[in-house]
Amino acid sequence: MAIPPLTQTPTADSSITILDSTCTFCGCVCDDIDITVKDNHITDAKRACVLGKAWFYGHHADDRPSCLIDGRPASVAEGVERAARILTDAKYPIVYGLSDTTSEAQRVAVAIGDAIAGTVDTTTSVCHGPSGMAFQGVGEVTCTLGEIANRGDLIIFWGGNPAESHPRHFSKYSLMPKGMFVPNGRKDRTAVGVDVRKTKTAKAMDLFFQIKPRSDFEALWTLRALAKGIDVDPEQVQSDTGIELSRWQDLMNRMKAAKFGVILFGMGLTMTRGKHLNSEALLSLARDMNAYTRFVVKPMRGHGNVTGADNVVTWQTGYPFGVNMTRGYPRFNPGEYTSSDTLARGEADAALLVACDPMANFSQPARERLRSIPYVALDPKDTPTTRSAAVSFTTATYGINVPGTVYRMDDVPIYLRPALTTSHPGDLEVLSAIHRRVMELKR
Amino acid sequence: MSSGLFKIAGGTVYDPIHGVDGEQRDIWIRDGRIVAPPSEPDVRQDKTFDATGLVVMPGGIDMHCHIAGPKVNSARKMRPEQKRKAEKVIRTPNTRSGTMGSVPSTFATGYKYAGLGYTTAFDAAIPPLAARHVHEEFEDTPCIDKGFFVLMGNNHFVMQSIQRNEPERLRSFIAWLLGAAKGFTPKVVNPGGVEIWKQQPSGNVHGLDENVAHFGVTPRQIIEGVARAVDALRLPHSVHIHANNLGMPGNWRTTLETMKTLGDSRGHLAHIQFHSYGGGEGDENTFNSKAVELVEYVNTHSNLTVDVGQVLFGETTTMTADGPLGYYLSNAFKSKWFSSDTEMESGCGIAPIEYKNTSLVHSLQWAIGLEWYLLAKDPWRVVMSTDHPNGGSFLAYPQIIQLLMDRTYRQEMLKLVHPAVLERSTLADLTREYTLSEICIITRSGPARILGLPNKGHLGPGADADITVYTPNDDKTKMFELPRMVIKNGVVIVEQGEIRQPVTGKLLYVSPEYDSSIEKDIAEWFEKYYSIRFRNYPVPLDYLHDHEEVRG
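These numbers were taken from a predicted model, which means no experiment stands behind them.

Chemist: Mind showing me how you'd approach the overall build of chain B here?
Modeler: The helix and strand tally for chain B stands at 18 helices and 26 strands. Computed over its C-alpha atoms, the radius of gyration of chain B comes to 23 Å, within 12% of the 24 Å expected for a compact globule of 552 residues. Taken over the C-alpha atoms alone, chain B extends approximately 70 × 60 × 50 Å along its principal axes. Within chain B, contacts between residues separated by at least 24 positions form 76% of all contacts whose residues are at least 6 apart in sequence.

Encoded structure:
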């Protein structure tokens, strides 16, 4: 399925430029980056943001072996054999990660999870998992990012800092673009920030609400009440949220007056007190607002293809993350089947970890468990997770070395056109080989 | 030496395209296709299936369903509560696990279609921006060939070309867009109405001559323009229309106007049941059937085809590109609501609902669907569908067949629904019973013709060897829900309900020619308004799994 770069422009110094290449560093998935390559090195990444530039310029071919077994160099074939044995010998194997690889690779990873009667989970469970649960509860009113660019005239950023986490979101999608119904770009929009601290994002806003920590739920329900004209106690609102009622009322007036309102929310909402109840309050507020005007909501997804992971796991199993297939069919229960929990409780006895680093960011009990069980790790980089793996594959980087599909934070699928070659295999190649061997062993 | 021949011997064959109506015949298969019987007497088949006493038909074709893409996948995400209670799809050595409910997972969808004897299905509403998503899901939907219709009824470039009265530009754009998405035909959903929904609270259009603000066109002009372009491009299928005012009392006038607007152009009116309502605006008490009036028009206009969109009682999930309709339904049923607007192209609404036989409206919807089948004179132009999962699951097809073939059963069912159905529809007076040959027409041969699939829907030499073998039974539900054998491209994929060899199936798409000079024009517009780059939009051939171009 390799698709050659559609446009390469040779230059005098024998470098080539690949037009409209895609950056997978964050959920923005900017697909307008012109990459210049010389001697298999990226020398320019035009239009990339500070994170994107670091992503492209910081890419160096890893000279580690493509496979290590118990820390010793081995052939990929030996690694595949050992990996398949580990996964098929286990009683409660888990598959985790998946958010920084192509959907083609994700599909095979879920297939392995199915074949080994395993539990499949993605990094969604530790970022926007609560939003996924809120989605199941109330639904979601949303749109693609181009709709925001063309129509959005009131943009609310809630519990996130896109100025630093998604640097081009303002300029490309949400604040600056001159769109069909907002021809003057930034001048036609009101930008509102709601957060517990004054981040760099707050400086780019017209209005900023610095709410008390852990009061998102109360703040959102205040707005829901105001939308419906229900009286609320000014003193309680002030003491709960740290913001005067009159300011919330002013915000609600603006929300109702907007033609196309947008709320973009981050992990400040989903990973603080209230979790999925916060997300559910926000999704419900956006829904409520459609009685008065058009209003949409969108989680700001972090990883380049975490949205693809949600999609793939859903279309193959019916559920977005935290899926257990031990009984031969998929069951969903976050908290029970999510990887940080299966590890921390000491249930998981083997793991297939794809493009993730739980050894760096899971809880102490989860890390201790992981260290004590055999597991397989696929990652382009040397990480705490790859260092403790029974089998570690150094894989090619998606978007830089290997092609494939990624889903932008608004579910728009975008194809990757790689700029560099590498001697390392891609995730898809390694996972497909493991899958084949697992199927043979299961026969 | 191996002859590569597979013989289905002595079955009672239904092949209406060749005028075969229940005759004992042998069917010969080689290399995935049906072939003429070998002329040399000493040629032996490698494999024989003795079909004596069994019914042999081409594989079923669902020409209007929702089985893949962003809308369907969002609906899967939204219905965990259904899946726990639903039938379990358990992994076997050669099949994947999955989940059911009203929106099955991809592998489950493929297995269940095959289990019913269906070997081809078309998803009816795909925003081209999400085409790659659909191709990925299709590859994970085994056992059936697949294609999809491309949403164009609220596409900005389409409306702009019509407003400028530039039919050639419109034609070239449609051809380019179909090729870019690798889709099958243009789909028009609530033309103009979805764009208004994006602009105004509860926005919609309510008649064919309302102005679509900012674009200066009317729904009527959109329907006319796209229908003519499709005919001029000689696409295998016509324009596929989800008319304005779906589900609203009194909408039959809009539907009739839509049919008249088509003039001599070919047009397929989807889920026509949902568009056949009399009654006053917003007044449930006046709700009644106008199937008789609309069927009469279709009976006398051979350029028109319909699929029914039969309603079955029970829980389901509605999903549509008709954004304002999704909002209406979620409010009416007080259910959770998903909505997603796709830039430049379309909308999307999802809401769980339950059809109840105690409800006058739902009972009438059920009855109106049956009226359409029973009143239509030409079975070649009326196709079985539930608009899966909007009216109900495709798994209800065997039950619908029994309702059509067995009037005693139908009368019994009629006793269980809201009594006002007797006065407000003609169903109680209809005594027609479908024959097996007519069932074969409305479930495979008819849709094959309407879609313009020369290799489907029949059992003549050259056809894809997609074949279903049924065990005859007076209980038609039982007969059609458990085929004895299902063959896909010559491979036995199902035997008596068990999946044998789940082949992947292929994508069916069109690639009409167009004046490539339009690409500059499109690119300029595209880069101004889309959030992805023009260069990254089209789906190239090497992105597809097995595929076949269909020519008109």
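Chemist: Honestly, the overall build of chain A in this entry has me stumped. Any pointers?
Modeler: Scanning chain A from N- to C-terminus turns up 19 helices and 21 strands. Its C-alpha atoms give chain A a radius of gyration of 23 Å, within 12% of the compact-globule value 22 Å for 443 residues. For chain A, the C-alpha atoms occupy an extent of roughly 65 × 60 × 30 Å along the three principal directions. Looking at chain A as a whole, 62% of its 443 residues are labelled buried. Pairs at least 24 apart in sequence give 68% of the contacts found in chain A among residues at least 6 apart.

Chemist: Just to check I follow, could you spell out the domain arrangement of chain A for this structure?
Modeler: Reports often express the size of an interface as the amount of accessible area lost when the parts come together. All names here are of chain A. Here the domain parsing of chain A yields domain 1 (67–127 + 304–399 + 420–442) and domain 2 (129–299). One C-alpha centre belongs to domain 1, the other to domain 2, and the line joining them spans 35 Å. Between domain 1 and domain 2, the residue contacts involve eight residues of the former and five residues of the latter. Of the residues in the side of domain 1 that touches domain 2, the class split is five nonpolar, two polar and one charged.

Chemist: Just to check I follow, could you spell out the sheet that holds strand β17 (residues 314–320) of chain B for this structure?
Modeler: Strand pairing in a sheet is mediated by backbone hydrogen bonds. Such pairs are either parallel or antiparallel. Taken together, four strands build an open sheet; the order of strands is β9(A)-β18(B)-β19(B)-β17(B) and the sheet is mixed. The outermost strands of the open sheet, each flanked by one partner alone, are β9 (139–143) of chain A together with β17 of chain B. Across the sheet, the mean angle separating the axes of adjacent strands is 20 degrees when strand polarity is ignored. Both strand β18 (residues 337–341) of chain B and strand β19 (residues 349–355) of chain B contribute to a ladder of two bridges, which runs antiparallel. Each bridged residue has a counterpart across the sheet, and for B:Phe338 the counterpart in β19(B) is B:Ile350.

Chemist: Explanation requested: the nonpolar core in the structure shown.
Modeler: Generally speaking, a soluble globular protein has its nonpolar side chains buried in company with each other. All names here are of chain A. By size, the foremost hydrophobic cluster in this structure holds 307 residues, and its most contacted members are Ile 112 and Leu 282. Split by domain, the residues of this core number at least three in each of domain 1 (67–127 + 304–399 + 420–442) and domain 2 (129–299). Discounting residues that sit within four places of it in the chain, Ile 112 has contacts with Leu 87, Val 95, Leu 352, Leu 431, Ile 434, His 435 and Val 438.

Chemist: What's the story with the interface of chain A and chain B in this structure? I'm lost.
Modeler: The interface is formed by 54 residues belonging to chain A together with 48 residues belonging to chain B. Of the residues in the side of chain A that touches chain B, the class split is 24 nonpolar, 18 polar and 12 charged. Across five bridges, β9(A) lies against β18(B) in parallel orientation. Of the residues in β18(B), the one forming a bridge with A:Glu140 is B:Phe338.

Chemist: Teacher, can you tell me more about unusual backbone geometry here?
Modeler: A cis amide bond links B:His388 to the next residue, B:Pro389, at an omega of -5 degrees. Among the secondary structure elements, B:Pro389 is positioned in the loop between β20 (382–383) and α13 (397–405). One non-glycine residue, A:Asn40, lies in the positive phi region at around 60 degrees. Structurally, A:Asn40 can be placed in the loop between β3 (33–38) and β4 (41–46). According to the C-beta neighbour criterion, A:Asn40 is exposed, with 10 such atoms within 10 Å. Of note, the phi angle at A:Asp70 is positive, near 50 degrees, even though the residue is not glycine. On the secondary structure map, A:Asp70 appears in the loop between β5 (67–69) and β6 (72–73). Among the residues examined, A:Asp70 registers 11 C-beta atoms within 10 Å and is labelled exposed.

Chemist: Looking at this model, I keep getting lost on the pairing of strand β14 (residues 294–299) of chain A. Mind explaining?
Modeler: On any regular strand, side chains alternate: one points to one face of the sheet, the next to the other face. For β14(A), a buried count of six out of six residues is recorded, marking the element as mostly surrounded by other parts of the structure. The alternating pattern of β14(A) places A:Arg294, A:Val296 and A:Lys298 and A:Phe295, A:Val297 and A:Pro299 on opposite faces, both of which are buried.

Chemist: I tried to follow the environment of A:Ala202 on my own but got confused; where do I start?
Modeler: All names here are of chain A. Take Ala 202: it is sitting in helix α8 (residues 200–203). C-beta crowding within 10 Å serves as the criterion here: with 18 such atoms nearby, Ala 202 is assigned to the partly exposed category. Placed 204 residues apart in sequence, Ala 202 and Val 406 show a C-alpha to C-alpha distance of 30 Å. The contact partners of Ala 202, leaving out residues within four places of it in the chain, are Gly 193, Asp 195 and Phe 208.

Chemist: Sorry, what's going on with the sheet that holds β6(A) here?
Modeler: All names here are of chain A. Strand order in the open sheet formed by nine strands is β6-β5-β19-β18-β17-β7-β8-β15-β16, with mixed pairing between adjacent strands. Edge positions in the sheet fall to β6 and β16 (331–332), since each of these pairs with one other strand and no more. Note: β5 against strand β19 (residues 391–394), three bridges, orientation antiparallel. Counterpart to Ile 69 in the pairing with β19 is Val 391.

Chemist: How do you make sense of the packing of helix α9 (residues 216–227) of chain A against helix α10 (residues 234–241) of chain A when you look at a structure like this?
Modeler: All names here are of chain A. Two elements in contact, α9 and α10, have axes whose closest approach is 9 Å; the angle formed by their N-to-C orientations is 145 degrees. Handedness of the α9/α10 crossing: left-handed. On the side of α9, the interface is formed by Glu 218, Ala 219 and Thr 222, while α10 contributes Val 237, Asp 240 and Thr 241. The residue makeup of the contact of α9 with α10, split by class, is two nonpolar, two polar and two charged.

Chemist: I would appreciate a short explanation of helix α11 (residues 245–257) of chain A in the present structure.
Modeler: An α-helical segment advances 3.6 residues per turn. Residues three or four places apart therefore align on the same side. Residue and element names in this part refer to chain A. Its 13 residues give α11 an end-to-end C-alpha distance of 18 Å, which sits within 8% of 18 Å, the value for a rise of 1.5 Å per residue. Looking at α11, one finds that the buried residues are Trp 248, Leu 251, Met 252 and Met 255. For α11, the arc enclosing every buried residue in end-on projection is 100 degrees, short of the 170-degree limit, so these residues lie on one face. Exposed side of α11, more than 90 degrees from the buried face: Ser 246 and Asn 253 are the residues found there. Looking at the buried side of α11, the elements it contacts are β10 (154–158), β11 (190–195), α9, α10, β13 (260–265) and α13 (276–289).

Chemist: Please clarify how the confidence of the model for chain B should be interpreted in this entry.
Modeler: Low-confidence regions, as indicated by low pLDDT, have predicted coordinates that should not be scrutinised in detail. The pLDDT averaged across chain B works out to 97; a share of 99% of its residues lies at or above 70. In the predicted assembly, ipTM is 0.97 and pTM is 0.97.

Chemist: I keep staring at the pairing of strand β2 (residues 20–30) of chain B and nothing clicks. Help me out?
Modeler: Residue and element names in this part refer to chain B. Of the strand pairs in this sheet, strand β1 (residues 5–15) and β2 are connected by nine bridges, and their pairing is antiparallel. Within β2, the position partnered with Phe 6 by the bridge is Ile 29. Here β1 folds back onto β2, and the loop between the two strands holds four residues, one of which, Gly 19, carries a positive phi near 70 degrees. Note: β2 against strand β3 (residues 33–35), three bridges, orientation antiparallel. Bridging from a neighbouring strand, Trp 28 pairs with Val 35 of β3. From the end of β2 to the start of β3, which pair antiparallel, there are two residues, and Asp 31 there has a positive phi angle of about 50 degrees.

Chemist: Before we go on, may I ask you to explain the environment of B:Asp140 in this structure?
Modeler: By the element assignment, B:Asp140 lies in the loop between α4 (131–139) and β10 (145–151). A C-alpha to C-alpha distance of 8.4 Å links B:Asp140 and B:Gly110, two positions 30 residues apart in sequence.

Chemist: Mind showing me how you'd approach the confidence of the model for chain A here?
Modeler: Per-residue confidence for chain A gives a mean pLDDT of 95, with 97% of residues at or over 70. Predicted confidence for residues 1–6 of chain A stays below pLDDT 50, and this span has 12 contacts to residues more than four positions away or in other chains.

Chemist: Explanation requested: the environment of A:Gly274 in the structure shown.
Modeler: All names here are of chain A. Topologically, Gly 274 is positioned in the loop between α12 (267–270) and α13. Looking at Gly 274, the number of C-beta atoms within 10 Å reads 19, which means it is partly exposed. Sequence spacing of Gly 274 and Thr 144 is 130 residues, and the spatial spacing of their C-alpha atoms is 27 Å. Setting aside residues up to four positions removed in sequence, Gly 274 forms contacts with Asp 216 and Phe 217.

Conventions we followed
Residues numbered from 1 in each chain as written. Chains lettered and ligands numbered in written order. Predicted model: local features only at pLDDT ≥ 70, side-chain atom pairs only at ≥ 80, totals over all residues. Helix = DSSP H or I, 4+ residues; strand = E, 2+ residues; numbered from the N terminus. Rg over C-alpha atoms; globule rule 2.2 N^0.38 Å. Contact = placed C-beta atoms within 7 Å. Buried ≥ 20, exposed ≤ 12 C-beta atoms within 10 Å, placed from the backbone. Domains from an automatic or database assignment. Nonpolar A, V, L, I, M, F, W, Y, C, P; charged D, E, K, R; others polar. Pairing = 2+ DSSP bridges. Axes fitted to C-alpha atoms, helices over the stretch in contact; angles between N-to-C directions. Core = buried A, V, L, I, M, F, W, Y, C linked by C-beta atoms within 7 Å. Left-handed = near helix turned anticlockwise from the far one by under 90°. Expected span 1.5 Å × (residues − 1). Arc of directions from axis to C-beta. pLDDT = per-residue confidence, 0-100.

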